[in-house]
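# A closer look at the structure
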Amino acid sequence: MLIELLRGKNSMPYDLYKEILLNYREIINDLDIRRIQEYASVFPKSKMISKALDEEVM
């Protein structure tokens, strides 16, 4: 779900996007970030997704 959020961030209201990101930041220690990054690498625009993951979530 996190990857889908990052992929579709331009198609949703900014305040909703930020609210969801804040919720992910609260559980960041429970997420397997390495696995999420590996999964993100198979998508088109994987560099954009990885950058957003690094800058906006972590």
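Now for a look at the structure at hand. Note that the structure is predicted; figures quoted are calculated from it, not measured.

Here the focus is the nonpolar core. In this structure, Leu2, Leu6 and Val57 are the most contacted members of the largest nonpolar core, which totals 16 residues. Elements that contribute at least two residues to this core include exactly helix H1 (2-7), helix H2 (14-26), helix H3 (33-40) and helix H4 (46-57). Here Leu2 is in contact with Tyr24, Leu31, Ile36, Leu53 and Val57, once residues within four sequence places are set aside.

Here we come to the packing of H3 against H4. Put simply, H3 and H4 touch, their axes get as near as 9 Å, and they point 155° apart. By the criterion of interaxial angle, the relationship of H3 to H4 is roughly antiparallel. Between H3, through Ile36, Gln37 and Ala40, and H4, the contact on the second element is made entirely by Ser46, Ile49, Leu53 and Asp54. Of the residues belonging to the contact of H3 with H4, the class tally is four nonpolar, two polar and one charged.

Cut-off values and rules
Residues numbered from 1 in each chain as written. Predicted model: local features only at pLDDT ≥ 70, side-chain atom pairs only at ≥ 80, totals over all residues. Heavy atoms only, no water. Core = buried A, V, L, I, M, F, W, Y, C linked by side-chain atoms within 4.5 Å. Buried < 20%, exposed > 50% of the residue type's maximum accessible area, 1.4 Å probe, protein only. Helix = DSSP H or I, 4+ residues; strand = E, 2+ residues; numbered from the N terminus. Contact = heavy atoms within 4.5 Å. Axes fitted to C-alpha atoms, helices over the stretch in contact; angles between N-to-C directions. Parallel < 35°, antiparallel > 145°, perpendicular 65-115°, else oblique. Nonpolar A, V, L, I, M, F, W, Y, C, P; charged D, E, K, R; others polar.

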